[in-house]
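Given next are the chains, with one letter for each unit.
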Amino acid sequence: MAKTSKQSGDSGEPIRWTTAMSVGVPELDEDHKGLIEVINLLKQHAGAEAGSDVIRQCLVSLMRYAQVHFGREERVMTVCTFPGLAHHQEEHRAFVDRMKEIDRRFADDPEGLSAFVAEELVDYLSSWLRHHILIEDMAYRSFAEHRMAEAREAARSFRTSQVWFSDS
Ligand SMILES: [Fe+2]
């Protein structure tokens, strides 16, 4: 199948992180840059002949990203006494649920679904970037700026071992 340009407003061009996307905490910005790298990799495969291996690796990366980054971010929000934490956690949970659901479908037919799943992920993650990172994450920026030392310490000290893995 020929590579198609994306519908739903995505140009197919790589996304570049800019300071306008900064949430004010360098460690969290680095996480967000990592997500953008995955989106750009998926963009290369959306609508094209996507190999199932690269899509599987992207799904693993995204689920790991969710477990590590969301844990780190929620810790920062906690030490900064961000009042929107509970709502924010719900959004993070919705992301995890969506990744698990896509992963389950993909596992049924990796070869047949690779290109479709790549497009679906690009759409979902591009929307996540616009609506979650640029709006919901931005809401904690001023709280983090008021407690930057605590925020950075919380972000830096977060360990992957603090993440609980659960299939429930
Ligand atoms: Fe977030």
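### Here's the deal with the coordination of the iron ion
Line of reasoning, step 1. Protein coordination at the iron ion comes from Glu73 (OE), His88 (NE2), His92 (NE2), His132 (NE2) and Asp137 (OD), with a distance range of 2.0 to 2.3 Å.
Line of reasoning, step 2. Here the donor residues of the iron ion are spaced in sequence according to E-x14-H-x3-H-x39-H-x4-D. Of this pair, His88 sits in helix 3 (residues 85-108) while Asp137 is found in the loop between helix 4 (110-136) and helix 5 (141-146), placing the two residues 49 residues apart along the sequence. Summarising the burial analysis for this pair, His88 and Asp137 share the class buried.

### Points about unusual backbone geometry
Line of reasoning, step 1. Positioned with a positive phi, Thr81 is a non-glycine residue whose angle comes to about 45°.
Line of reasoning, step 2. Structurally, Thr81 can be placed in the loop between helix 2 (52-79) and helix 3.

### So, the pattern of salt bridges
Line of reasoning, step 1. By the definition in use, this model includes 10 salt bridges.
Line of reasoning, step 2. With its nearest N and O atoms 2.8 Å apart, the salt bridge here joins Arg72 to Asp31. Note that Arg72 is positioned in helix 2 and Asp31 in helix 1 (residues 26-45), a separation of 41 residues in sequence.
Line of reasoning, step 3. Judged by relative accessible area, which is 14%, Arg72 ranks as buried.
Line of reasoning, step 4. Looking at Asp31, the relative accessible area reads 14%, which means it is buried.

### Re helix 3
Line of reasoning, step 1. Between its first and last C-alpha, helix 3 extends 35 Å over 24 residues, near the 34 Å set by a 1.5 Å rise per residue.
Line of reasoning, step 2. Every buried residue of helix 3 is listed here: Leu85, His88, His92, Phe95, Met99, Lys100, Ile102 and Phe106.
Line of reasoning, step 3. On its buried face, helix 3 sits against helix 2 and helix 4.

### What to know about the confidence of the model for the chain
Line of reasoning, step 1. Overall, the predicted model of the chain reaches an average pLDDT of 88, with 87% of residues at or above 70.
Line of reasoning, step 2. Note that residues 1-9 has pLDDT below 50 and, in this model, 21 contacts with residues that lie over four places away or in other chains.

### Topic: the nonpolar core
Among soluble globular proteins, nonpolar side chains are generally buried collectively.
Line of reasoning, step 1. Judged by nonpolar contacts, the single largest core of 28 residues is most densely connected at Leu35, Leu42, Leu62, Phe95, Met99, Leu121 and Leu125.
Line of reasoning, step 2. Mapped onto this core, the elements with two or more residues apiece are helix 1, helix 2, helix 3 and helix 4.
Line of reasoning, step 3. For this core, the element with the most residues is helix 4, which contributes nine residues.
Line of reasoning, step 4. Excluding residues within four positions of it along the chain, Leu62 makes contact with Leu35, Val38, Leu42, Phe95, Met99, Leu121 and Leu125.
Line of reasoning, step 5. Core analysis: the second largest hydrophobic core is formed by 14 residues, Cys80, Ala144, Ala151 and Ala154 among them.

Rules used in this analysis
Residues numbered from 1 in each chain as written. Predicted model: local features only at pLDDT ≥ 70, side-chain atom pairs only at ≥ 80, totals over all residues. Heavy atoms only, no water. Donors = N, O, S within 2.8 Å, 3.2 Å for Na, K, Ca; no water. Helix = DSSP H or I, 4+ residues; strand = E, 2+ residues; numbered from the N terminus. Buried < 20%, exposed > 50% of the residue type's maximum accessible area, 1.4 Å probe, protein only. Salt bridge = Lys/Arg side-chain N within 4 Å of Asp/Glu carboxyl O. Expected span 1.5 Å × (residues − 1). Contact = heavy atoms within 4.5 Å. pLDDT = per-residue confidence, 0-100. Core = buried A, V, L, I, M, F, W, Y, C linked by side-chain atoms within 4.5 Å.

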